[in-house]
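Residue-level listing of the chains:
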Amino acid sequence: MFAVLEDCFSFADRREVIIETAPNQTDIGKLRMLKQAGVTRVSMGIQSFHNAELQALGRSHYAAAARQALHLVKDMGFSCVNTDFIYGIPGQTTESLLDSLKEALLFEPDEIFLYPLYVKHGAGLEYEGVVPDGEQAYIQYRHASRFLKSEGWRQDSMRRFVRQAKERQYQSCGFGTSLALGCGARSYLGNLHFCSPYAITKKECLARLAEYEHTHDYTKITHGILLTQQEQKRRYLIRHLLIMPGLQLDEYETTFGSSAITDFPVLQHWIESDYAQMQKSDPAFLALTETGLGLSDYLGPQLISPQIWAAMREWEEAHAHDSVSGKSEKL
């Protein structure tokens, strides 16, 4: 795969090559191959260091495998190692979540991502009747985020924590082309957003892979949407406001010829509710407060248009039949 990319594309000297892996898919042979191929960042889904919690999630690895895999990754000397953890797991407590994070710090990863438990159509957890406890999950999140910050970690978003105290520098996430390759890849070309069909269950994912492998014309787009200017504004706002240091107000106005707060009155409500605040800086930023960051999964959907909500509901209704194919599968 890397050889194909090198033959077909030109890359910047300081490019990043990122790979995601799981503990039971990580061994020294694969890591050496990735290192030789120029991989710079490895992200590993640890999720928890408690076997009971991994079992509740239906994960196929044990905590011992995660520890061994992390040792291998760290010893290989990648420039960035990221670990993912889930909170809101059935049976999980604030104490067990903090235990996992404390153990993670012993490995000195460069980044830690915290994800709330999601239960989607077709996932085994749905058919086991698992309903996430949002209130308990939020309590766990608050304790976890405060713990990491007390240890000197910088919070860039609701999910991302970085092992350095220096503030994150602003990066424009405007309308740059994003071309993704492979099954399930999601791309943006101008105002065109397209991707492969979405799948959850093991059976459907394997079918999508087989379909992708037998594709004859990879330039043909079958699933996509042309974003209106209003949708582009929403995308721009979400991509900037939900990650620090926030939305640069002058840049938004220069890009769209209008004020973000005028375009989206809900932002004024967020300010009044202490979810967001105007930063006294030059240029001026609108940024989420600590409370707002913690409620990103509540605030972000408020920026989704009725049209997109309708399309999402249509997808949910179309996949309600997944109960049979996904009954015995977990995420």
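Sequence order as written defines residue numbering, which begins from 1 separately in each chain. For this predicted model, a pLDDT threshold of at least 70 governs which residues receive local features, and a threshold of 80 or more governs which side-chain atom pairs are given and counted, while totals over whole chains, interfaces and linings are taken from all residues. Just so you know, side-chain values use all the structure's heavy atoms and leave hydrogens and water out.

(A) Looking closely at the overall build of the protein chain. In DSSP terms, a helix is any run of H or I states spanning at least four residues, a strand is any run of E spanning at least two, and both are numbered starting from the N terminus. Each helix and strand counted, the protein chain has 15 helices and twelve strands in total. In this setup the radius of gyration rests on C-alpha atoms only. A globule is expected at 2.2 Å times the number of residues raised to 0.38. Taken over C-alpha atoms, the radius of gyration comes to 21 Å for the protein chain, in line with the 20 Å a tight globule of 331 residues would show. Its C-alpha atoms give the protein chain principal-axis dimensions of about 50 × 50 × 50 Å. When accessible area is computed with a 1.4 Å probe and restricted to protein chains, residues below 20% of their type maximum are described as buried, those above 50% as exposed, and intermediate ones as partly exposed. When burial is assessed residue by residue, the protein chain has 41% of its 331 residues classed as buried. Note on contacts: a residue pair qualifies if any of its non-hydrogen atoms lie within 4.5 Å across the two residues. When contacts within the protein chain are restricted to residue pairs at least 6 apart in sequence, long-range pairs at least 24 apart make up 67% of them. Only the protein chains shown count as cover for residues, and the accessible areas themselves come from Shrake-Rupley with a 1.4 Å probe. Counting every atom, the protein chain has about 18600 Å² of accessible surface; 53% of that belongs to carbon and sulfur. In this tally, Asp and Glu contribute negative charge and Lys and Arg positive charge; neither His nor the terminal groups of the chain are included. For the purpose of locating charges, the reference atoms are NZ of Lys, CZ of Arg, CG of Asp and CD of Glu. Where the 33 positive side-chain charges of the protein chain centre and where its 41 negative ones centre are 2 Å apart.

(B) Looking closely at helix H5 (residues 94-106). Here a helix's expected span is defined as the number of its residues, less one, multiplied by 1.5 Å. Its 13 residues give H5 an end-to-end C-alpha distance of 19 Å, which sits within 8% of 18 Å, the value for a rise of 1.5 Å per residue. Of all the residues in H5, the buried ones are Thr94, Ser96, Leu97, Leu98, Ser100, Leu101, Glu103, Ala104 and Leu105. Those residues of H5 hidden inside the fold are in contact with helix H3 (51-57), helix H4 (63-76), strand E3 (80-87), strand E4 (111-116) and helix H7 (134-150).

(C) Structural context of empty space enclosed by the protein. Residues are called lining when one of their atoms sits within 4 Å of a cavity or pocket point, these points coming from a 1 Å grid over the protein atoms alone, where a cavity is a set in which a 1.4 Å probe fits but cannot get out and a pocket is an open set with protein on both sides within 12 Å along at least five of seven lines. Grid points are joined across faces, edges and corners, and a volume is the space filled by probe spheres set on the points. Counted by the stated rule, this structure contains one cavity of 30 Å³ or more. In this structure, the largest cavity spans a volume of roughly 30 Å³. Lining the largest cavity we find Arg168, Tyr170, Gln171, Cys173, Arg239, His240, Ile243, Met244, Pro245 and Gly246. Tallied by class, residues from the lining of the largest cavity come to five nonpolar, three polar and two charged. When residues are sorted by character, Ala, Val, Leu, Ile, Met, Phe, Trp, Tyr, Cys and Pro go into the nonpolar class, Asp, Glu, Lys and Arg into the charged class, and all the rest, Gly among them, into the polar class.

(D) Summary view of helix H9 (residues 229-241). Under the 1.5 Å per step criterion, the end-to-end length of H9 is 18 Å for 13 residues, consistent within 8% with the ideal 18 Å. Residues Glu231, Gln232, Lys233, Arg234, Arg235, Tyr236, Leu237, His240 and Leu241 constitute the buried set of H9.

(E) The side chain of Arg168, seen in detail. Structurally, Arg168 is set in the loop between strand E6 (160-162) and strand E7 (186-189). When a carboxyl oxygen of Asp or Glu lies within 4 Å of a side-chain nitrogen of Lys or Arg, that pair is called a salt bridge. For the buried residue Arg168, which engages in no salt bridge, the nearest side chain bearing the opposite charge is Asp156, 4.1 Å off. Polar contacts here mean pairs of N or O atoms no more than 3.5 Å apart (in protein, one a potential hydrogen donor and the other a potential acceptor; neighbouring residues in sequence count only if both atoms are side-chain atoms). A distance of 2.6 Å separates a polar atom in the side chain of Arg168 from the backbone oxygen of Met244. Ignoring anything within four residues of it in the chain, the contact list for Arg168 reads Arg154, Asp156, Arg160, Ile243, Met244 and Pro245.

(F) Expanded view of the sheet that holds strand E1 (residues 18-21). Here, any two strands with at least 2 DSSP bridges between them count as paired. Here six strands make up an open sheet; going across it, the order is E1-E2-E3-E4-E6-E5 and the pairing mixed. Every other strand in the sheet has two partners, leaving E1 and strand E5 (154-155) as the edge strands with one partner each. Two strands pair when backbone bridges link them, and E4 and E6 are joined in this way by three bridges, in the antiparallel orientation. Its bridge partner being in E6, Phe113 is matched across the sheet by Arg160.

(G) Main features of the sheet that holds strand E11 (residues 276-279). Spatially, the three strands line up as an open sheet ordered E10-E12-E11, and their pairing is antiparallel. Edge positions in the sheet fall to strand E10 (247-248) and E11, since each has one partner strand and no second. As judged from the two bridges shared by E10 and strand E12 (residues 285-288), these two strands associate in the antiparallel manner. Residue pairing across strands places Gln248 opposite Phe285, the latter belonging to E12.

(H) Local environment of the packing of H5 against H7. Interaxial angle, 0 to 180 degrees, is taken between N-to-C directions of lines fitted to C-alpha atoms, where a helix line uses only the stretch in contact. Across the interface, H5 lies against H7 with an axial gap of 10 Å and an inter-helix angle of 30°. Between H5 and H7, the crossing angle belongs to the class labelled roughly parallel. Read as a crossing pair, H5 and H7 show a hand that is right-handed. Contacts between H5 and H7 pair Thr94, Leu97, Leu98, Leu101, Lys102 and Leu105 from the former with Gln136, Ile139, Gln140, His143, Ala144, Phe147 and Leu148 from the latter. The class makeup of the residues in the contact of H5 with H7 is eight nonpolar, four polar and one charged. Any angle from 65 to 115 degrees is called roughly perpendicular, while one under 35 is roughly parallel, one over 145 is roughly antiparallel, and all others are oblique. Take the far helix as the reference: if the near one is turned anticlockwise from it by less than a right angle, the crossing is left-handed, and if turned clockwise, right-handed.

(I) Spatial organisation of the packing of helix H2 (residues 28-36) against H4. Running from N to C, H2 and H4 point in directions that differ by 30°, and their axes come no closer than 10 Å. Between H2 and H4, the angle is such that the two are roughly parallel. When you trace H2 past H4, the crossing you get is right-handed. Contacts from Ile28, Leu31, Arg32 and Lys35 in H2 reach Leu72, Val73 and Met76 in H4. Here the contact of H2 with H4 is built from residues that sort into five nonpolar, no polar and two charged.

(J) Seen up close, the pattern of salt bridges. For the structure on display, the rule yields eleven salt bridges. Two residues, Arg146 and Glu290, come together in a salt bridge whose shortest N-O distance is 3.7 Å. Of this pair, Arg146 sits in helix H7 while Glu290 sits in helix H13 (residues 290-294), placing them 144 residues apart in sequence. Residue Arg146 is classed as partly exposed on the basis of its relative accessible area of 48%. Taking the shortest distance from any N to any O, the salt bridge between Asp297 and Arg159 comes out at 2.9 Å. Taken together, the positions of Asp297 in helix H14 (residues 296-299) and Arg159 in the loop between E5 and E6 put the pair 138 residues apart, joining distant regions of the chain.

As far as function goes, none of this settles anything; it's purely spatial.
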